[in-house]
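Below, each chain spelled out in residue letters.
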Amino acid sequence: MIKKTSAADLLWPRTVLVAMAAAVCFPTSRLMAATEILVVDPMEAVYPDIRPPALRADAPLAAPLGGTMLVQVVVTGEPGQLQVERMELVGSESESESGAWAKWHALDFVPVEQNTGRSHGTERSDGKKNPYVIRRAPFEIADALVPVGEGWDAEAWKSRKAAFDQGGRAAFAVRWPIPLDTAPGLHRYMVKAKLKEGKTVWSRFSVQVYPVSVPKPQEGTFGLVQTSMTAPIAKAYHVPVWSDEFWALYGSYARTLVEGRQSTGFISLDEMAWDCTTGTEPKFGERLTRAIHVLKAAGMRDYLAAGLFKPILPRDPNKPRWGISSHESPDYGTPEGNAKAQALFAQVRKALEETGVSSKFKIQIYDEVPESDNALFVEAAKMLREEIPGVKIFEVINSPNLGIVDSVDEWCPLANVYDFRKEFFDQRKAAGQPVWIYTCMGPGGAWVNRLLDQERTRGAQIPWFVYGYDLAGFLHWGANSWMSDPFKQSVVFVGAGDPTTNFLPAGDTHILYPGEKEAWISLRYEAQRLGAEDYEALNIYGKQDAEAARKLVFKHFPAMSEGPRDGASYWQARHALLAAASGSTDSSQGATADNPAGDPAAETLKTEPESGGFLHSLRSLFSK
């Protein structure tokens, strides 16, 4: 929760003097075992075995009006004895009066069994060591956010203690909104933790709020689609797919994705059609209609459906075959297959008419279509346009393909493919065809992505490049495509090819976790959401000066395969952007009201007994 701060709360003693006085009165061994609290940059990795760097109190984070902020909080102490009775975020009176609130989460550590490869997959794919990872595998890293409400208390601790008391270190996160009526300027916060041993530890940080407002997620301009699959939800929660319990969960996941600024609801047509056996396929149409209603209610602005066509394996490039997703799966191009495709398309058209979203609906015919399959693709696109007039054809592709140019309305190449073949895709843009980018198994190495063994800033930078390259948006295939328990396994076998080398890299299958009756978000989700807010600020700035806005992107982030990737550089870029978009001064550096000299020691940690004592007396003495 956020509590009001009194003037006395903000007049803290000089840390160095407190430490010197404490050293006189307590044995060295006692000081070494003392509990401490660290407020950590949300872009920094937190591990169970390494002390993370603390945020500097004289280096404020940056926020727009209408945005959401998050920091990590790490508490360390005696292994086996660390226990928190209560934790809270203390803000200024203005925050409290404006209705701001904070929600606490425990951070769950997940494994990284293999490192991402230099090109794609994991290092086992090509046998080359990838130097662009944050740590050598295997290791564990904090990622999943386990919600505990408006304050952390002893009961919440007991329910999750086994996961968080690792070697005397516990990790948390606190999220809070920046309401539109927040006063711009420097806002100071303090995180306080009451320990079972009777002490309170605290640390402070600050956020510079700029007078530029980002729109609500449902009204945003950033294009984002993450494929939310139905079968993993049903399996994770042990509910029948298409049951009322399932649809409630489906809606919960959709709302969580919208909160993370997803614009486009993904619909898995193959999952809806696999058990349909009749010619009219009423169950397919009913499921599709309900899915659209649920996604629309969640706040999705448009829709992407995929999966009616699938390759028949094993593939023969000289004679490719496609099946129609349904119980019988007849070949496309045969009378039976074409009739099945037309029946399914008719149901799609009916669902679009009933829900009124025809102008906002896109269909992906295939996935990364090879040139050997171009003839099938062109015929399928022709049938689709005849059966559903006005529908947009959206195609994910990993290489330029001139053979399908007239059959595609929107393009989505891999991020590195766009960069390598920029001339082709810029020609598509010039022809009025939107171009997105996506990531899937790769690119690895130094490229932007959102994997667990990469700097979190890479995910935040993706929306910057979407704006800088004048792209329509970003797609990732895995919102919740868990193939195993994501809390226990992050690197999974692809499902085809060599089972000793063909793996999906850590975290590629998901950015959400299956929580208790709802989706649990991740720190990677939060980094991507911050970047999506930045896109909105870039769009605002670009309306004032488009050239200056694009120059700002590449001034701070030169290319999708180049740094910087550290958290400090990200926040410097965010300060510069929000200042430019609001026409205000960049306040990211220099002194603050509580720290007029800009003293870097001011952020160091503080501890006091809950009911007075020596350190409490020192605090009172030096605050006068």
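Note that the structure is a prediction, hence the values are computed from the model and not measured.

A. View of the overall build of the protein chain. Summing up its helical and strand segments, the protein chain has 19 helices and 26 strands in all. Looking at the protein chain residue by residue over its 624 residues, the buried ones come to 58%. Counting contacts in the protein chain only where the partners sit at least 6 residues apart, residues at least 24 apart contribute 75% of the total. When the accessible surface of the protein chain is summed, it comes to about 24,400 Å², and 53% of that surface belongs to carbon and sulfur atoms.

B. Examining the pairing of strand S19 (residues 410-413) more closely. In S19, alternate side chains face the same way, and those of Glu410 and Cys412 on one face and Trp411 and Pro413 on the other are all buried. The pairing of strand S18 (residues 392-397) with S19 spans 4 bridges and is parallel. Its bridge partner lying in S19, phenylalanine 394 is registered against glutamate 410.

C. Here's a closer look at the pairing of strand S6 (residues 103-112). In terms of burial, S6 is a largely internal element, 9 of the 10 residues being buried. The pairing of S6 with strand S9 (residues 169-177) spans 4 bridges and is classified as antiparallel. Bridging from a neighbouring strand, histidine 105 pairs with alanine 173 of S9.

D. Geometry of the pattern of salt bridges. A complete count under the given rule lists 26 salt bridges for this structure. As a salt-bridge pair, lysine 362 and glutamate 410 come within 3.5 Å of each other at their nearest N and O atoms. On the criterion of sequence distance, the pair formed by lysine 362 in strand S17 (residues 361-364) and glutamate 410 in strand S19 is long-range, its members being 48 residues apart. Using a relative accessible area of 6% as the deciding quantity, one classes lysine 362 as buried. Residue glutamate 526 pairs with arginine 529 through a salt bridge whose shortest N-O separation is 2.9 Å. Of the two residues, glutamate 526 and arginine 529 are both situated in helix H16 (residues 523-544); the distance of 3 residues between them amounts to about one turn of the helix.

E. Local environment of the packing of aromatic side chains. Enumeration over the complete set of coordinates arrives at 32 aromatic pairs. Centroid distance tryptophan 411 to phenylalanine 424: 5.6 Å. Interplanar angle 90°. Geometry classified as edge-to-face. Taken together, the positions of tryptophan 411 in strand S19 and phenylalanine 424 in helix H14 (residues 422-430) put the pair 13 residues apart, joining distant regions of the chain. On the basis of relative accessible area, tryptophan 411 is assigned to the buried category, the value being 0%. When the ring of tyrosine 570 is compared with that of tryptophan 571, the centres are 5.0 Å apart and the planes differ by 75°; the resulting orientation is edge-to-face. Here tyrosine 570 falls in the buried class, since its relative accessible area comes to 1%. Members of the aromatic cluster, joined through ring pairs, are Trp411, Tyr418, Phe424, Phe425, Phe465, Tyr469 and Phe554. We note arginine 135 situated over the ring of tyrosine 47; from NZ or CZ to the ring centre the distance is 4.7 Å.

F. View of helix H18 (residues 567-582). Between its first and last C-alpha, H18 extends 22 Å over 16 residues, near the 22 Å set by a 1.5 Å rise per residue. For H18, the buried fraction is high: 12 of the 16 residues fall into the buried class. Where H18 is concerned, the buried positions are Gly567, Ser569, Tyr570, Trp571, Ala573, Arg574, His575, Ala576, Leu577, Leu578, Ala579 and Ala581. On the buried face of H18, the contacting elements are strand S3 (61-65), strand S4 (68-76), strand S11 (199-213), helix H15 (457-468), H16 and helix H17 (546-556). Looking one or two residues beyond H18, the residue adopting positive phi is glycine 583, at roughly 70°.

G. Highlighting the confidence of the model for the protein chain. Looking at the protein chain as a whole, its pLDDT mean stands at 86, while 84% of the residues score no less than 70. Below a pLDDT of 50 lies the segment residues 589-624, which in the model reaches 80 contacts outside its immediate sequence neighbourhood of four places, other chains included.

H. Focus on helix H7 (residues 230-237). Along H7, the residues classified as buried are Thr230, Pro232, Ile233, Ala234 and Tyr237. Each element contacted by the buried residues of H7 is listed here: helix H8 (244-259), helix H9 (269-273), strand S24 (513-514) and strand S25 (519-520). The first or second residue beyond H7 is histidine 238, which carries a positive phi of 55°.

I. Structural view of unusual backbone geometry. Following alanine 137, the chain continues to proline 138 via a peptide bond in cis, the omega torsion being 0°. A cis amide bond links glycine 563 with the next residue in sequence, proline 564, at an omega value of 5°. In this fold, proline 564 is placed in the loop between H17 and H18. Located in the positive-phi region is aspartate 470, a residue other than glycine, with phi close to 55°. Considering the arrangement of structural elements, one finds aspartate 470 in the loop between H15 and strand S21 (473-476).

J. Quick peek at the environment of serine 561. For serine 561, the location among the structural elements is in the loop between H17 and H18. Taking the C-alpha atoms as reference points, serine 561 and proline 443, separated by 118 residues in sequence, lie 9.3 Å from one another. Not counting chain neighbours up to four residues away, the residues in contact with serine 561 comprise Ala446 and Trp447.

K. The nonpolar core, seen in detail. Trp176, Phe205, Ile267, Phe309, Phe361 and Ile365 are the most contacted members of the largest nonpolar core, which has 162 residues in total. The greatest single-element share of this core, amounting to 9 residues, is contributed by H16.

L. Seen up close, the side chain of serine 326. Counting through the fold element by element, serine 326 comes out in the loop between strand S16 (322-324) and helix H11 (335-355). A relative accessible area of 6% means that serine 326 is categorised as buried. Sequence-distant contacts of serine 326, that is, excluding residues within four places in its chain, are made with Ala273, Trp274, Cys276 and Lys340.

M. Spatial organisation of the side chain of aspartate 508. Inspection of the secondary structure assignment puts aspartate 508 in the loop between strand S23 (503-504) and S24. For aspartate 508, the side chain forms a polar contact with the side chain of histidine 476, separated by 3.0 Å. Non-local contacts of aspartate 508, meaning those with residues more than four positions away in its chain, are made with Cys440, Met441, Leu451, His476, Trp477 and Gly478.

N. Layout of the packing of H15 against H17. Where H15 contacts H17, the two axes come as close as 9 Å, and the packing angle between them is 140°. One finds that H15 runs oblique with respect to H17. Where H15 crosses over H17, the handedness of that crossing is left-handed. Between H15, through Trp464, Phe465, Tyr467 and Gly468, and H17, the contact on the second element is made entirely by Ala546, Ala549, Arg550, Leu552, Val553 and Phe554.

O. Region of interest: the packing of H15 against H18. Direction vectors running N to C along H15 and H18 enclose 30°, while the axes themselves pass 10 Å from each other. Taken together, the axis directions place H15 and H18 in an arrangement best described as roughly parallel. The crossing of H15 and H18 is left-handed. Residues Thr457, Ala460 and Trp464 of H15 touch H18, and the partners they reach there are Gly567, Tyr570, Ala573, Arg574 and Leu577.

P. The arrangement of the environment of glutamate 113 in detail. Positionally, glutamate 113 belongs in the loop between S6 and helix H5 (123-126). Here glutamate 113 is in contact with Ala137, Pro138, Lys488, Gln489, Ser490 and Val491, once residues within four sequence places are set aside. Of note is the side chain of glutamate 113, whose polar atom sits 3.1 Å from the backbone nitrogen of serine 490. Here the side chain of glutamate 113 touches valine 491 through a polar contact of 3.0 Å, landing on its backbone nitrogen.

Parameters at a glance
- Residues numbered from 1 in each chain as written.
- Predicted model: local features only at pLDDT ≥ 70, side-chain atom pairs only at ≥ 80, totals over all residues.
- Heavy atoms only, no water.
- Helix = DSSP H or I, 4+ residues; strand = E, 2+ residues; numbered from the N terminus.
- Buried < 20%, exposed > 50% of the residue type's maximum accessible area, 1.4 Å probe, protein only.
- Contact = heavy atoms within 4.5 Å.
- Areas by Shrake-Rupley, 256 points an atom, 1.4 Å probe, with all protein chains shown as cover.
- Pairing = 2+ DSSP bridges.
- Salt bridge = Lys/Arg side-chain N within 4 Å of Asp/Glu carboxyl O.
- Phe/Tyr/Trp six-rings, centres within 6.5 Å; stacked < 30°, edge-to-face > 60°.
- Lys NZ or Arg CZ within 6 Å of the ring centre and 35° of its normal.
- Expected span 1.5 Å × (residues − 1).
- pLDDT = per-residue confidence, 0-100.
- Core = buried A, V, L, I, M, F, W, Y, C linked by side-chain atoms within 4.5 Å.
- Polar contact = N/O pair within 3.5 Å; in protein donor to acceptor, adjacent residues only side chain to side chain.
- Axes fitted to C-alpha atoms, helices over the stretch in contact; angles between N-to-C directions.
- Parallel < 35°, antiparallel > 145°, perpendicular 65-115°, else oblique.
- Left-handed = near helix turned anticlockwise from the far one by under 90°.

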